[in-house]
Amino acid sequence: DRAAIAYFGAGPSALPTDVLEAAAASLVNHGDSGLSLVEQSHRSALSSRILQDARDSFLKLIHASADTHTVLFMAGGGTLQFSAVVYNLFTAWAVKHPELAREGQRGSCEYLVTGGWAAKRLVGAENVNVALDAREVSYASGEARKFGDIPAAGHWQGNLKPARDSAFVYFCDNETVDGVEWPKGSPVDLLGDDPDRIIVADMSSNILSRTFDASKFGVVFAGAQKNIGSTGVTIVLLRNDILALLSSGGALPPQLTPPIPVTPVMMHYPTIANASSLYNTLPIFDVYIASLTLARLLGRDGTGATALELQEAESDEKARKLYAVLDDHPALFHVVPARGVRSRMNICFRLIAPGDETLFVKGAEAKGLLGLKGHRSVGGVRISNYNAVTPESVDRLVEYMREYAKGI
Ligand code: PMP
């Protein structure tokens, strides 16, 4: 019985039951068309409308407009974006600085590494082309502390390059495995206001859980399978000035040495944008699930607050309750990340006594509280507190944790 289960998996993760019910109906007979949505052409009017709805809802939620931003739906997950960002922005830099590119210079790809996903991203950059000047600006607090903290600006390893020499600065807004989240507004506030500096964020695991200023970002991407919908589509938010730069990049100076790597077509943002995300067969069913979730979020009602502000308040409150019970029992639980960078989305902690983690997770499962095992690379317990995890589910888990603590 679905109602008996509270699911805290890290991704794919919980989705609202009414969204799943609507999607289930559509899987058999979409909108009384007599066809399943998975049987419909991705180029049908119906599919275009679904795409348009999802795009419009997303832009509305983040208070951005099609005048300034382009929304792309792409396959390949966050992982494809690891490379797509490098190819596209590396090209954009060369288009913007033809005189430097002609001299053989390349824009640096700069990474603020605060956890496993940003680190993986760094590997992605190196794989694109070994000649890339990919470098880590900050290895948070290093391996020994397992990415438990983010040092203050000025204490990062290495300095950022001047904006002119930088293709982009990249960060992962929320580290899903390590449970480390950049405080709201950071590091954008620390990077200065130079409009030439392109900021890229992987928001796969915290998008739409708090407001952000879209104008500050060149590219934001997020796999849908945590806060947006099902696995299969990734939302890419691209600032239009960068798209324009890339679209004009077809005729790069031929004397460019060494030649810049050509972006593979499935990663080429202008190609995907010109085709309205339908360059190839996009999984429209996954876009449909996303559109239902986005519309549902947009429909949140509150006086004087936007839908996203309401969601943010709810996410913060759920996280506050979970950390409160952990902090109340320091002899039992140990929260891994430092207080100032604790993720609201992935609450990662250890049980201090050996063997207790298995007991804790098993006890939770017996009560229908699922998906709590920490990532295989770090162990421990991880509570994922995404948008579809209801306050009631969190209350049930908090109650279990208090009972568990009492029983020891
Ligand atoms: N970035 C983050 C922050 C993630 O949590 C994940 C996956 N959990 C990824 C990127 C990779 O996403 P995908 O598996 O969709 O490629």
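Numbering of residues begins from 1 in every chain and follows the order in which that chain's sequence is written. In keeping with the model being predicted, local features are shown solely for residues with a pLDDT of at least 70 and side-chain atom pairs are shown and tallied solely at 80 or more, while totals for entire chains, interfaces and linings include all residues.

Tell me about the overall build of the protein, residues and numbers included.
Elements are defined by DSSP. Helices are runs of H or I of four residues or more, strands are runs of E of two residues or more, and each kind is numbered from the N terminus. Broken down by element type, the protein carries eleven helices and 14 strands. Dimensions along the principal axes, computed over C-alpha positions, put the protein at roughly 75 × 60 × 40 Å. Three exposure classes are used, based on other C-beta atoms lying within 10 Å of a residue's own C-beta, which is placed from the backbone: buried for 20 or more, exposed for 12 or fewer, and partly exposed in between. Counting only residues that meet the buried cut, the protein has 45% of its 408 residues in that class. Looking at the protein alone, contacts between residues at least 24 apart form 71% of all its contacts between residues at least 6 apart. In this description, any two residues whose backbone-derived C-beta atoms lie within 7 Å of each other are considered to be in contact.

Account for helix α11 (residues 391-407), naming residues and giving values.
Because an α-helix packs 3.6 residues into every turn, residues spaced three or four apart end up facing the same way. A helix is expected to reach a length of 1.5 Å times the quantity of its residues less one. Its 17 residues place the ends of α11 24 Å apart at the C-alpha level, agreeing with the 24 Å of an ideal helix rising 1.5 Å per residue. Among the residues of α11, Val 394, Leu 397, Tyr 400 and Met 401 are the ones counted as buried. Down the axis, α11 shows its buried residues gathered within 120° of arc, on one side only. Exposed residues on α11 whose side chains face more than 90 degrees from its buried face are Pro 391, Glu 392, Glu 403, Lys 406 and Gly 407. The elements touched by buried residues of α11 are β1 (6-7), α9 (307-328), α10 (356-366), β13 (369-370) and β14 (381-384). To be clear, the arc concerns the directions from the helix axis to the C-beta atoms.

Mind laying out the sheet that holds strand β12 (residues 346-351), listing which residues take part and the relevant values?
In short, DSSP must find at least two bridges between two strands for them to pair. Spatial strand order, β11-β12-β14: three strands in an open sheet with antiparallel pairing. Sheet topology places β11 (333-335) and β14 at the edges, where each strand pairs with a single neighbour. Across the sheet, the mean angle separating the axes of adjacent strands is 35° when strand polarity is ignored. Of the strand pairs in this sheet, β11 and β12 are connected by three bridges, and their pairing is antiparallel. Counted as the bridge partner of His 334 is Arg 350 from β12. Of the strands in this sheet, β12 and β14 touch α10, which is tilted by about 130° from β12. Here, axes are lines fitted to C-alpha atoms. For helices the fit covers the stretch in contact, and angles between N-to-C directions go from 0 to 180 degrees.

Report on the site of the ligand, specifying residues and quantitative values.
For each residue, a C-beta atom is positioned from the backbone; the residue is called near a molecule or strand if that atom sits within 6 Å of it. Near the ligand the following residues occur: Gly 11, Gly 77, Gly 78, Thr 79, Trp 117, Cys 172, Thr 176, Asp 202, Ser 204, Ser 205 and Gly 223. With three residues, helix α3 (residues 77-96) is the single largest residue contributor to the shell around the ligand. Here the residues of the shell around the ligand are counted per class, giving two nonpolar, eight polar and one charged. Three classes are used, and their members are as follows: Ala, Val, Leu, Ile, Met, Phe, Trp, Tyr, Cys and Pro are nonpolar, Asp, Glu, Lys and Arg are charged, and the others, Gly among them, are polar.

Account for the environment of Ala 319, with residues named and values stated.
By secondary structure assignment, the location of Ala 319 is in helix α9. Note: C-alpha distance between Ala 319 and Ile 347 (28 residues apart in sequence) is 7.7 Å. Residues in contact with Ala 319, not counting those within four places in the same chain, are Arg 344, Ile 347 and Asn 385.

Describe in detail the pairing of β14, supporting the description with residues and values.
Burial along β14 is two-sided: Val 381 and Ile 383 and Arg 382 and Ser 384, pointing in opposite directions, are all buried. Pairing of β12 with β14, which is carried by four bridges, proceeds in the antiparallel orientation. Paired with Phe 349 across the bridge in β14 is Val 381.

Now, about the confidence of the model for the protein: what can you tell me, with residues and values included?
Residues of the protein with pLDDT of at least 70 account for 90%, and the chain-wide mean is 89. Scored below 50 in pLDDT, residues 139-145 makes 13 contacts in the model with residues more than four places away or belonging to other chains. Overall fold confidence for the complex sits at a pTM of 0.95, while the interface term, ipTM, reaches 0.99. The predictor rates its confidence in each residue with pLDDT, a number between 0 and 100.

Could you give me a rundown of the nonpolar core, with the residues and numbers involved?
As used here, a nonpolar core is made of buried Ala, Val, Leu, Ile, Met, Phe, Trp, Tyr and Cys residues. They are joined through C-beta atoms within 7 Å. By size, the foremost hydrophobic cluster in this structure holds 108 residues, and its most contacted members are Ile 235 and Val 287. With ten residues, α3 is the single largest residue contributor to this core. Each domain's limits were defined by an automated method or a database of domain assignments. A domain-level breakdown of this core finds at least three residues from each of domain 1 (2-16 + 305-407) and domain 2 (37-295). Not counting residues within four places of it along the chain, the set of residues in contact with Ile 235 comprises Phe 58, Val 71, Phe 73, Phe 221, Ala 222, Ala 224 and Ile 228.

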